[in-house]
Amino acid sequence: MYRKIVRYLKEWKENEYRKPLILQGARQVGKTYSVLEFGRTHYENVAYFNFETNPKLNATFEEDLSPDYLIPVLSHIAGQTIVREKTLIVFDEVQLCERALTSLKYFCENAPDYHIIVAGSLLAVAVNRAEFSFPVGKVDIKTLYPMDMEEFLLALGEEGLVEQIKQCFLTDTPLPSALHDMAMQLYRQYLVTGGMPECVMQYVQTKDNILVRHTQDTILASYLNDINAFKIYVSDLGLLCAKKNLVANDVLYMVEELNDFKGGMAENYVNVQLTINGYQTFYWESERGAEIDFVIQRDGQLIPVEVKSADNTRAESLRVYMQTYQPAYAIKLSAKNFGFGDGKKTVPLYAAFCI
């Protein structure tokens, strides 16, 4: 399945100022698959090291962290000749070997011609920074999130629909009614399936929402096993639905029983899409209680983003914000088709990935 992270990885590979790359993200969002597929298609060979399945690797980094020492040893372990510029070195589950993380500093300083990507989860809490030196300033860092709406559509073979959505977004012209209705249905399916690659693949292959829900429950259980104390932030819509124990058909047909949850689900969806696209999202509230769901910096301007789960898009709070701060324009996400009027860019929920 196509992942947008490949574009970033290509730019990283070609950058003359490239540093070892830390690819972080939650478990099972596709870090290992994305890196290995990128290595297979863009390098002569891949030297892959997994600190979870081969704990003896740790001993190698206990002995010496210099690249001159590590490269011959790692070549022997991997059974691969590691060649500068032509081999991709991958350290997986790197949070289990803090000295391997520290070694990136020396690869950056003394052997920058070696291409290294390390993948890990829970790096912020797993690394004991009191005892181990995090390679600050010596690495590039990128976060991989679950698949967004565009990647979901592409996985379903809807390349043509994606291109039409993008064109309508740019021109503020409505999508043909039949395609708009189909895209809204696919948006609701994304709410059920989410963006975990395994769940998306299962849905593409089987269209079985019950099987997808079983996989989501398994992922949620594994997350809980990883964490003792936590603050919940839901980064995947499918997992949100699974956590709420929502029936797939109730979401697909937006039954009345979900009325109290529709708005929160739509806002969570938009937050995920904006975060994946690199936006830092902010919230605005006036002294009199007017609220804006998101304020983002786009095209060098602060842009308010209002989210509605249905096609009733009256937004008094947005009017108050626009009168107070006079932004260049506002974005309204809802079930309505594309359009532009009164300084507001109307965007269907399924097209949030275009922002």
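Structure: above.
Now for a quick tour of the structure. Note that the structure is a prediction, hence the values are computed from the model and not measured.

Moving on, we get to the overall build of the chain. On a plain count of helices and strands, the chain comes out with 15 helices and 11 strands. In terms of overall dimensions, the chain has a C-alpha envelope of 65 × 45 × 40 Å along the principal axes. Across the 355 residues of the chain, 50% fall into the buried class. Nonlocal contacts in the chain, meaning residues at least 24 apart in sequence, comprise 68% of its contacts between residues at least 6 apart. For the chain, the accessible area works out to roughly 17500 Å², and carbon and sulfur atoms hold 49% of it. Distance from the positive charge centre (35 side chains) to the negative charge centre (45 side chains) of the chain: 3 Å.

This part takes up the side chain of Asn209. Note that Asn209 resides in helix 11 (residues 209–226). Asn209 sits in the buried class, given a relative accessible area of 17%. There is a polar contact of 2.9 Å between the side chain of Asn209 and the side chain of Gln189. When neighbours within four sequence positions are excluded, Asn209 is seen to be in contact with Gln189, Val192, Tyr203, Ala248 and Leu252.

Our focus in this paragraph is the pairing of strand 3 (residues 87–92). Of all 6 residues that make up strand 3, 6 are buried, and the element is covered over most of its length. Burial along strand 3 is two-sided: the face carrying Thr87, Ile89 and Phe91 and the face carrying Leu88, Val90 and Asp92 are both buried. In the sheet, strand 3 pairs with strand 4 (residues 115–120) via 5 bridges, with the strands oriented parallel. Following the sheet pairing, Leu88 is matched in strand 4 by His115. With helix 5 (residues 98–110) bridging strand 3 and the parallel strand 4, this β-α-β connection has right-handed handedness.

The next subject is the pattern of salt bridges. On inspection of all chains with the given rule, the structure shows 12 salt bridges. A salt bridge links Lys4 to Asp148; the shortest N-O distance between them is 2.6 Å. Of this pair, Lys4 sits in the segment before helix 1 (5–14) while Asp148 sits in the loop between strand 5 (140–143) and helix 7 (149–155), and the two are 144 residues apart along the sequence. Grouping residues by exposure puts Lys4 and Asp148 together as buried.

Here we take up the sheet that holds strand 5. The strand order across the open sheet formed by 5 strands is 2-3-4-1-5, and the pairing between neighbours is parallel. Of all the strands in the sheet, just strand 2 (45–50) and strand 5 have a single pairing partner and so form its edges. Strand after strand, the sheet turns through a mean of 20° between neighbouring axes, direction not considered. When strand 2 meets strand 3, the two strands line up parallel, connected through 6 bridges. Its bridge partner lying in strand 3, Phe49 is registered against Phe91. Sitting on the sheet, helix 4 (residues 67–78) touches strand 2 and strand 3, and the angle it makes with strand 2 is about 90°. Of the strands in this sheet, strand 1 (21–24), strand 3 and strand 4 are in contact with helix 5, which crosses strand 4 at around 160°.

To continue, consider the sheet that holds strand 6 (residues 282–285). In sheet architecture, strand pairing relies on hydrogen bonds along the backbone and comes in two forms, parallel and antiparallel. The strand order across the open sheet built from 6 strands is 6-7-8-9-11-10, with neighbouring strands paired in mixed fashion. Either end of the sheet is taken by a strand with one partner, and the two such strands are strand 6 and strand 10 (339–341). Averaged over neighbouring strand pairs, the angle between their axes works out to 30° when direction is ignored. Inspection of the sheet shows strand 6 paired to strand 7 (residues 291–298) by 3 bridges, in the antiparallel sense. Opposite Phe282, over in strand 7, you have Val295 as the bridge partner.

To continue, consider the packing of aromatic side chains. On inspection of all chains with the given rule, the structure shows 14 aromatic pairs. Aromatic side chains Trp284 and Tyr321 sit 5.1 Å apart centroid to centroid with 85° between the ring planes, which places their arrangement in the edge-to-face category. Taken as a pair, Trp284 in strand 6 and Tyr321 in helix 15 (residues 316–325) lie far apart in primary sequence, 37 residues in all. The pair formed by Trp284 and Tyr321 is uniform in burial state, with each residue classed as buried. A cation sits over an aromatic face here: Lys207 above Tyr203, 5.4 Å from the ring centre.

Relative to the helices and strands, Thr346 is located in strand 11 (residues 344–348). Judged by its relative accessible area of 16%, Thr346 falls in the buried class. Ignoring anything within four residues of it in the chain, the contact list for Thr346 reads Lys332, Lys336, Asn337, Phe338 and Gly339.

The rules behind the values
- Residues numbered from 1 in each chain as written.
- Predicted model: local features only at pLDDT ≥ 70, side-chain atom pairs only at ≥ 80, totals over all residues.
- Heavy atoms only, no water.
- Helix = DSSP H or I, 4+ residues; strand = E, 2+ residues; numbered from the N terminus.
- Buried < 20%, exposed > 50% of the residue type's maximum accessible area, 1.4 Å probe, protein only.
- Contact = heavy atoms within 4.5 Å.
- Areas by Shrake-Rupley, 256 points an atom, 1.4 Å probe, with all protein chains shown as cover.
- Lys, Arg positive; Asp, Glu negative; His and termini not counted.
- Charge placed at Lys NZ, Arg CZ, Asp CG, Glu CD.
- Polar contact = N/O pair within 3.5 Å; in protein donor to acceptor, adjacent residues only side chain to side chain.
- Pairing = 2+ DSSP bridges.
- Right-handed = clockwise from strand over helix to strand, strands pointing away.
- Salt bridge = Lys/Arg side-chain N within 4 Å of Asp/Glu carboxyl O.
- Axes fitted to C-alpha atoms, helices over the stretch in contact; angles between N-to-C directions.
- Phe/Tyr/Trp six-rings, centres within 6.5 Å; stacked < 30°, edge-to-face > 60°.
- Lys NZ or Arg CZ within 6 Å of the ring centre and 35° of its normal.

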